[in-house]
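# Structural characterization, general
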Amino acid sequence: MSEETLPAQATESTRPEIVLGANVSIAKTGLLAAIQETLNYNANTYMIYTRSNRGGKARPISEFHREEGLVLMHEHGIFDPVVHLSYLVNLASPKQDTWEYGISILSEEIQRVEYLGFQTIVFHPGSHVGQGEDYAIPRIAEALNGILSGEEKITLCLETMAGDGSKVGNSLEQIADIIARVEHQEKLGVCMDTCHNYSFGYDIVNHFDEFLEKFDQTIGLDRLKCAHINDSKTPFGSHRDRHANIGEGSIGLEALRHIVHHPVLRGIPQILETPGGKYKSEISLLLNPELQ
Ligand code: FE
Ligand code: FE
Ligand code: ZN
């Protein structure tokens, strides 16, 4: 089978309204493991890390069983899988070697993900480690300008953060500021994370439409390409990043259901990153309003 002809997803005409899945494992068989886990959850998308967050050499992407995986995804109607970049990348780092490491890892990841035929890489904008956001924002943009040629086949999504530690990209304005400084803006998107947004101080429980309006005014909703659906172990505005299982945190099932079913998120991959082992029941809870 030729590399160019295989679609990374089922045909658009069969795309479901809600594209929902979880952060799954690529242990041993790469995409085949990820897809099997996804099918176990009755999900129709998924997210993977293609390399360990503990560092070390990445497993060769040629060992991910791409061709069989793409066929399986096509057969089972799995859409737009997402890759999350390693946590070890910090494009805001004031340390030159750390910053350059991040640039090389992200550049390599773009090639790996293009090989898989996926469309989306999600990454954390960065941490300023004491230098402040006025230092970090141009630093991140400089890294992205060094990486992006404009020829990429993927979209790089900046994830909205919780305001913990020295993270940047917490507010919609900060995300917009980074994007505005990047030359190939057409390659950039945004991934919202419900836990992070609520923890940072966006009241997505009571005022989700206002959040979306603000998103549209500052960034533009056309950049919303992915969502992380997590409950939060910590209260509104706590600036902490502790994911809770769906319905067991301060956001709650009703609000998360409302978000998952919202027309603005229709058709974009929505990914759970909640604590261990409950994805199947969580996805079922989110999809079926009759369940409690
Ligand atoms: Fe993330
Ligand atoms: Fe996230
Ligand atoms: Zn998080």
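It should be noted that the structure appears before, not after, this text.
Residues numbered from 1 in each chain as written. Chains lettered and ligands numbered in written order. Predicted model: local features only at pLDDT ≥ 70, side-chain atom pairs only at ≥ 80, totals over all residues. Heavy atoms only, no water.

## Observations regarding the coordination of the iron ion (ligand 1)
We apply this condition: Donor selection uses N, O and S atoms within 2.8 Å of the metal (3.2 Å for Na, K and Ca). Since no water is included, sites may look incomplete. Labels follow the DSSP assignment, with helices taken as runs of H or I lasting at least four residues and strands as runs of E lasting at least two, numbered in each case from the N terminus. Exposure classes here rest on a 1.4 Å probe applied to the protein chains alone. A residue is buried below 20% of its type maximum, exposed above 50%, and partly exposed in between.
At 2.1 to 2.2 Å from the iron ion (ligand 1) lie its protein donor atoms, namely His84 (NE2), His124 (NE2) and Glu159 (OE). Between the two metal centres, the iron ion (ligand 1) and the iron ion (ligand 2), the spacing is 3.2 Å, with Glu159 acting as a shared donor. Residue His124 is found in the loop between β4 (120-123) and β5 (126-127), and its partner Glu159 is found in strand β6 (residues 155-159); the two are separated by 35 residues along the sequence. What makes Glu159 buried here is its relative accessible area of 0%.

## A few points about unusual backbone geometry
Although it is not a glycine, Val129 sits at a positive phi angle of roughly 40 degrees. Along the chain, Val129 falls in the loop between β5 and α4 (133-147). Positive phi, normally seen in glycine, also occurs at His239, with a value near 55 degrees. With respect to the secondary-structure elements, His239 resides in the loop between β10 (231-232) and β11 (243-244).

## Points about the packing of aromatic side chains
What counts, and what does not: Any two of the Phe, Tyr and Trp rings considered here, Trp counted by its six-membered ring, make a pair once their centres fall within 6.5 Å; the pair's planes then place it as stacked at under 30 degrees, edge-to-face at over 60, or tilted in between.
In the structure shown here, the tally under the stated rule is 8 aromatic pairs. Geometrically, the ring pair formed by Phe208 and Phe211 is stacked, given 6.1 Å between the ring centres and 20 degrees between the ring planes. One end of the pair is Phe208 and the other is Phe211, both in helix α7 (residues 208-218) and 3 residues apart, which spans about a single turn. By the burial criterion, Phe208 is buried, and Phe211 matches it. Taken together through their ring pairs, the aromatic side chains of Phe200, Tyr202, Phe208, Phe211 and Phe215 make up a single cluster.

## Things to note about the pairing of strand β1 (residues 19-23)
Using the following cut-off: The criterion for strand pairing is that DSSP finds at least two bridges linking the strands in question. With the strands pointing away from the viewer, any crossover whose connection runs clockwise from the first strand over the helix to the second is right-handed.
Here β1 lies mainly inside the structure; 4 of its 5 residues are buried. Strand direction decides the pairing type here: β1 and strand β12 (residues 269-272), joined by 4 bridges, are parallel. Within the sheet, the bridge partner assigned to Leu20 lies in β12 and is Gln270. In the sheet, β1 pairs with strand β2 (residues 45-48) via 3 bridges, with the strands oriented parallel. Note that in β2 the partner of Ala22 across the bridge is Tyr46. With helix α1 (residues 31-40) bridging β1 and the parallel β2, this β-α-β connection has right-handed handedness.

## Re the coordination of the iron ion (ligand 2)
Let me state the cut-off plainly: Only two sets of limits are used to name each site, 85 to 135 degrees for every angle of a tetrahedral four-donor site, and over 155 degrees for opposite donors with all other angles from 65 to 115 for a square planar four-donor or octahedral six-donor site, with any other site named irregular.
Within the protein, Glu159 (OE), Asp193 (OD), His228 (ND1) and Glu273 (OE) serve as the donor atoms for the iron ion (ligand 2), at 2.1 to 2.2 Å. Viewed at the metal, the 4 donor atoms of the iron ion (ligand 2) are separated by angles of 81 to 172 degrees, and the geometry they form is irregular.

## A word on the pattern of salt bridges
As a reminder of what qualifies: Each salt bridge in this description consists of a side-chain nitrogen of Lys or Arg and a carboxyl oxygen of Asp or Glu lying within 4 Å of one another.
Summed over all chains, the structure comprises 9 salt bridges. Arg181 is the partner of Asp177 in a salt bridge, and the nearest nitrogen-oxygen pair spans 2.9 Å. Residue classification places Arg181 among the partly exposed residues on the basis of a relative accessible area of 40%.

## Some details on the nonpolar core
Defined as follows: Nine residue types can take part in a nonpolar core, namely buried Ala, Val, Leu, Ile, Met, Phe, Trp, Tyr and Cys, and a core is a set of them joined through side-chain atoms within 4.5 Å. Any two residues whose heavy atoms approach within 4.5 Å at even a single point are treated as in contact.
By size, the foremost hydrophobic cluster in this structure holds 78 residues, and its most contacted members are Tyr46, Ile48, Phe118, Leu144 and Leu156. Ignoring sequence-local partners within four residues, the contact set of Ile48 consists of Asn23, Val24, Ile26, Leu31, Ala34, Val82, Val83, His84, Leu116 and Phe118. Ranked by size, the runner-up nonpolar core spans 8 residues in total, among them Tyr49, Val82, Cys191 and Ile271.

## Some remarks on the side chain of Arg51
Keep this limit in mind: For this analysis, a polar contact is any N or O atom pair within 3.5 Å, provided that within protein one partner can donate a hydrogen and the other can accept it, and provided that sequence-adjacent residues contribute only side-chain to side-chain pairs.
Positionally, Arg51 belongs in the loop between β2 and α2 (66-76). A polar side-chain atom of Arg51 sits 3.1 Å from a polar atom in the side chain of Glu108. Residues within four places of Arg51 in sequence aside, it is in contact with Gly56, Ala58, Ser86, Ile105, Glu108 and Glu109.

Take it as geometry only, folks, not as evidence of what the structure does.
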